[in-house]
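Spelled out from the first residue to the last, the chains are:
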Amino acid sequence: MEGTNPVNKKLAAALSGGAVLVLALSGCTSDKGNDKLDAWAKQVCDAVQPQAKKIEAANAAIQKQTSDNSTPDAVRKTDAQAFQDMSNAYKAIGDAVQKAGAPDVDNGAKKQTDAVKELDDIAASYAALQKKVDALDVKDQAKFADGLKGIATSLDQLSTSGNDALKNLEAGDVGKAMAKQASCKSASTAPSPAAS
């Protein structure tokens, strides 16, 4: 059993680094009101909040498996479900940004399009990880540990890459408008797993 736990800890550490990318909010408020932009931010933040909770819950499930002396089968099941949930959540966030339309800022349409594409890519990456986890051989401990190691590496890459468009979307006035929304504040202050 000791073969799976350190690897799953690595998995959890990698996972926590990439969680809730869309909620890296600036926390500052805007003095000059832009009603259109505020309405856009409210629509996005309200849609993001439940998805952020799902991502947190998926994180927590993987974290819990690392502290339990779990069987490979339990680890596989939990991790696969967590990746599926995260994939669905990022897809839903992408859909919310798409549905909200372009924010009322310079290059708003391009920022929106880029962010939606990025969120969809992240969703697809988690879906691919879910398939990889599902395919792991739980009967062979060594193979299972090796497989998890590969997944942890992919997860690491996912958590350190690919949120430039989201940062770009949240820059400047958009970030300020989002920071004013109660739903974005509560989503971004939700307790997150220990960072890697």
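Predicted, not measured: the structure shown is a model, and the values here were computed from it. (Residues numbered from 1 in each chain as written. Predicted model: local features only at pLDDT ≥ 70, side-chain atom pairs only at ≥ 80, totals over all residues. Heavy atoms only, no water.)

### Structural notes on the overall build of the protein chain
Then comes step 1: Scanning the protein chain from terminus to terminus reveals eight helices and zero strands.
Then comes step 2: Going from N to C terminus, the protein chain has its helices and strands arranged as α-α-α-α-α-α-α-α.
Then comes step 3: Per-residue burial for the protein chain yields a buried fraction of 47% across its 196 residues.
Then comes step 4: Sequence separation of 24 or more characterises 86% of the internal contacts of the protein chain that already satisfy a separation of 6 or more.
Then comes step 5: Here the protein chain displays about 9,300 Å² of accessible surface, and carbon together with sulfur accounts for 52% of that area. (Helix = DSSP H or I, 4+ residues; strand = E, 2+ residues; numbered from the N terminus. Buried < 20%, exposed > 50% of the residue type's maximum accessible area, 1.4 Å probe, protein only. Contact = heavy atoms within 4.5 Å. Areas by Shrake-Rupley, 256 points an atom, 1.4 Å probe, with all protein chains shown as cover.)

### Comments concerning the state of the cysteines
Then comes step 1: Inspection of the entire model under this criterion finds one disulfide.
Then comes step 2: Paired through a disulfide, Cys45 and Cys184 show a sulfur-sulfur distance of 1.9 Å. Linking Cys45 and Cys184, the disulfide has an S-S dihedral of approximately -90 degrees and is accordingly described as left-handed. Here the residue Cys45 occupies a position in helix H2 (residues 35–67), and Cys184 occupies one in helix H8 (residues 182–188), the gap between them amounting to 139 residues.
Then comes step 3: Cys45 sits in the buried class, given a relative accessible area of 0%.
Then comes step 4: The class of Cys184 is buried, set by a relative accessible area of 0%. (Disulfide = S-S within 2.5 Å.)

### A closer look at the packing of helix H4 (residues 108–134) against helix H5 (residues 141–160)
Then comes step 1: At their nearest, the axes of H4 and H5 sit 11 Å apart, and the two run at 175 degrees to each other. Judged by the inter-axis angle, H4 sits roughly antiparallel to H5. Contact residues: H4 offers Ser125, Tyr126, Leu129, Lys132 and Val133, while H5 offers Ile151, Ser154, Leu155 and Leu158.
Then comes step 2: A per-class count over the contact of H4 with H5 returns six nonpolar, two polar and one charged. (Axes fitted to C-alpha atoms, helices over the stretch in contact; angles between N-to-C directions. Parallel < 35°, antiparallel > 145°, perpendicular 65-115°, else oblique. Nonpolar A, V, L, I, M, F, W, Y, C, P; charged D, E, K, R; others polar.)

### Observations concerning the side chain of Asp38
Then comes step 1: Position of Asp38 relative to the elements: it lies in helix H2.
Then comes step 2: Leave out the neighbours within four places in its chain, and Asp38 touches Ala177, Lys180 and Gln181.

### Describing the pattern of salt bridges
Then comes step 1: In the structure shown here, the tally under the stated rule is seven salt bridges.
Then comes step 2: With a closest N to O distance of 3.0 Å, Lys91 and Asp95 form a salt bridge. Separated by four residues within a single helix, Lys91 and Asp95 lie in helix H3 (residues 72–100), roughly one turn from each other.
Then comes step 3: Taking relative accessible area as the criterion, Lys91 reaches 37% and is therefore assigned partly exposed. (Salt bridge = Lys/Arg side-chain N within 4 Å of Asp/Glu carboxyl O.)

### Digging into the packing of aromatic side chains
Then comes step 1: Scanning the model with the defined rule gives two aromatic pairs in all.
Then comes step 2: Each ring, one from Tyr90 and one from Tyr126, has its centre 5.7 Å from the other, and the planes form 5 degrees; the classification is stacked. With Tyr90 in helix H3 and Tyr126 in helix H4, this pair connects stretches of sequence that are 36 residues apart. Taken individually, Tyr90 and Tyr126 each receive the classification buried, so the pair is uniform in this respect.
Then comes step 3: Each member of the aromatic cluster is reached from another via a ring pair, and the members are Phe83, Tyr90 and Tyr126. (Phe/Tyr/Trp six-rings, centres within 6.5 Å; stacked < 30°, edge-to-face > 60°.)

### Thoughts on the nonpolar core
Then comes step 1: Ranked by internal contacts, the top residues of the largest apolar core, which has 40 residues, are Trp40, Val44, Phe83, Tyr90, Tyr126, Leu129 and Met178.
Then comes step 2: Here this core gets ten residues from one element, more than from any other, and that element is H3. (Core = buried A, V, L, I, M, F, W, Y, C linked by side-chain atoms within 4.5 Å.)

### Observations concerning H5
Then comes step 1: The terminal C-alpha atoms of H5, which comprises 20 residues, lie 29 Å apart, in line with the 28 Å expected from a rise of 1.5 Å per residue.
Then comes step 2: Between the side-chain oxygen of the N-cap and the backbone nitrogen of Ala142 there are 3.1 Å, and the N-cap of H5 in question is Asp140. (Expected span 1.5 Å × (residues − 1). Polar contact = N/O pair within 3.5 Å; in protein donor to acceptor, adjacent residues only side chain to side chain.)

### A word on H3
Note that an α-helix has 3.6 residues per turn; residues three or four places apart therefore point the same way.
Then comes step 1: Compared with an ideal rise of 1.5 Å per residue, which puts 29 residues at 42 Å, H3 spans 42 Å between its outermost C-alpha atoms and is within 8% of the ideal.
Then comes step 2: Backbone geometry just after H3 places Gly101 at a positive phi near 85 degrees.

Shape is all these values report; function is a separate question.
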